[in-house]
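# Observations on the three-dimensional arrangement
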Amino acid sequence: MIAPRTIIVGDVHGCVAELTALLATICPRADDRLVFVGDLIDKGPASVATVQLVRILRETQDVTLVMGNHEEKAARWRHHQARAVPNPMRDADGRYALLDKALSPRDVAFLDSAVLYHPVTGGLVVHAGVTPDMVALPPVGTKLGDLRGKEKRHFGRMLRVRHVRGGNMVPLGAETPDDPFWADVYDGRFGHIWFGHAATLEPTPRQFPYATGIDLGCVYGGRLGAAILGRPRVEYASVRARAAHAPRRTSSEETE
């Protein structure tokens, strides 16, 4: 009997054609588990179609969505829109307003099911990473919205961290050459971490002692990648982007 695989898919960012091609390349079996590392939406050409594809896939497949910073920002936009006061969030190009209008209630429920992290054999999947001061994680299945106050701010860094200073996350754009990338100093306390968020345009995942980055920059014209766990060794699959759908910004130009 062939053991089920765990298939970890990198940041899709609305690249639904590439996601369709990647799934056709991997050919998930009925008992395989799919874990999406977050950032299904935003930047690319087809955020709504991407959400719908993954949501429908979950009707026949074991599918988990880990929350990315773009899902979190869209959720905050929806929350503020539902209140009878002006929305304090900036939406200069109207992308979140359009997304909010186009998503069905089932699409929103699916996005709201996104978890803070997901355990896999030997480690876990998280969108961005962990900081050195994290000594324990919330229970499996915790959603960011389940947390409050300092705890929410603390673990919310798992959606955004890139560089660290001491035990803390360095705000985006404030890093210096002396501030290491979080995975360079991560000591393996939570096992091997599979993450996205920090895109590379290299053809293969970024390897660290206790972490692997699988965002291959599809939305920037790179590749959409996946890590396949469940065999004697980890395997990788990827497809080329059909186009560069968004300009890649420097850290000082990024907002989140």
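Look up: the structure comes first, before these words.
The model shown is predicted, which means the values in this text are computed figures rather than measured ones. (Residues numbered from 1 in each chain as written. Predicted model: local features only at pLDDT ≥ 70, side-chain atom pairs only at ≥ 80, totals over all residues. Heavy atoms only, no water.)

Once that is clear, we can look at the overall build of the chain. When its secondary structure is counted, the chain shows seven helices and twelve strands. Relative to a compact globule of 256 residues, whose C-alpha radius of gyration would be 18 Å, the chain shows 17 Å and is just as compact. When its C-alpha atoms are laid out on the principal axes, the chain stretches across 55 × 40 × 35 Å. Buried residues in the chain amount to 51% of all 256 residues. Sequence-distant contacts, at least 24 apart, represent 66% of the contacts inside the chain between residues at least 6 apart. When the accessible area of the chain is evaluated, it comes to approximately 12,000 Å², of which 54% is carbon and sulfur surface. (Helix = DSSP H or I, 4+ residues; strand = E, 2+ residues; numbered from the N terminus. Rg over C-alpha atoms; globule rule 2.2 N^0.38 Å. Buried < 20%, exposed > 50% of the residue type's maximum accessible area, 1.4 Å probe, protein only. Contact = heavy atoms within 4.5 Å. Areas by Shrake-Rupley, 256 points an atom, 1.4 Å probe, with all protein chains shown as cover.)

What the five strands build is an open sheet, ordered E4-E5-E8-E10-E9; its pairing is mixed. Each edge of the sheet is formed by a strand with only one pairing partner; in this case those strands are strand E4 (117–120) and strand E9 (206–208). Looking at each pair of strands side by side, their axes are set apart by 20° on average, direction ignored. When E4 meets strand E5 (residues 123–126), the two strands line up antiparallel, connected through four bridges. Paired with Val120 across the two strands is Gly123, which belongs to E5. (Pairing = 2+ DSSP bridges. Axes fitted to C-alpha atoms, helices over the stretch in contact; angles between N-to-C directions.)

What follows deals with unusual backbone geometry. Positioned with a positive phi, His13 is a non-glycine residue whose angle comes to about 50°. Assignment of secondary structure puts His13 in the loop between strand E1 (6–9) and helix H1 (16–26). With a relative accessible area of 5%, His13 lands in the buried category.

Topologically, Glu71 is positioned in helix H3 (residues 69–81). This buried residue, Glu71, is left without a salt bridge; Arg78 holds the nearest opposite charge, at 9.0 Å. Among the polar contacts listed, one links the side chain of Glu71 to the backbone nitrogen of Asp39, at a separation of 2.7 Å. Separated by 2.6 Å, the side chain of Glu71 and the backbone nitrogen of Leu40 make a polar contact. Setting aside residues no more than four positions away along its own chain, Glu71 makes contact with Gly38, Asp39, Leu40, Ile41, Val66 and Leu111. (Lys, Arg positive; Asp, Glu negative; His and termini not counted. Salt bridge = Lys/Arg side-chain N within 4 Å of Asp/Glu carboxyl O. Polar contact = N/O pair within 3.5 Å; in protein donor to acceptor, adjacent residues only side chain to side chain.)

Turning our eyes to something else, we now look at the pairing of strand E3 (residues 62–65). The sheet contact formed by strand E2 (residues 33–36) and E3 spans four bridges and is parallel. Within E3, the position partnered with Phe36 by the bridge is Leu65. The parallel pair E2 and E3, bridged by helix H2 (residues 47–57), forms a crossover whose chirality is right-handed. (Right-handed = clockwise from strand over helix to strand, strands pointing away.)

The full count for this structure, using the stated rule, is twelve salt bridges. Across the pair Arg76 and Glu72 runs a salt bridge, and its minimum N-O distance is 2.8 Å. You can see Arg76 and its partner Glu72 sitting in helix H3, four residues apart, about one turn around the helix. The exposure class of Arg76 is partly exposed, given its relative accessible area of 29%. Close ionic contact of Arg189 with Asp187 constitutes a salt bridge, the shortest N to O distance being 2.9 Å. By relative accessible area, which is 38% here, Arg189 ends up partly exposed. One salt-bridge network, in which partners are shared between bridges, spans Arg5, Arg29, Asp31 and Asp32.

Attention now moves to the pairing of strand E12 (residues 235–240). Both strand E11 (residues 223–229) and E12 contribute to a ladder of six bridges, which runs antiparallel. Considered in E12, the bridge of Ala226 is made with Ala237. Taking the residues that link successive antiparallel strands as the turn, the E11-E12 hairpin has five residues, and the phi of Gly230 there is positive, at about 130°.

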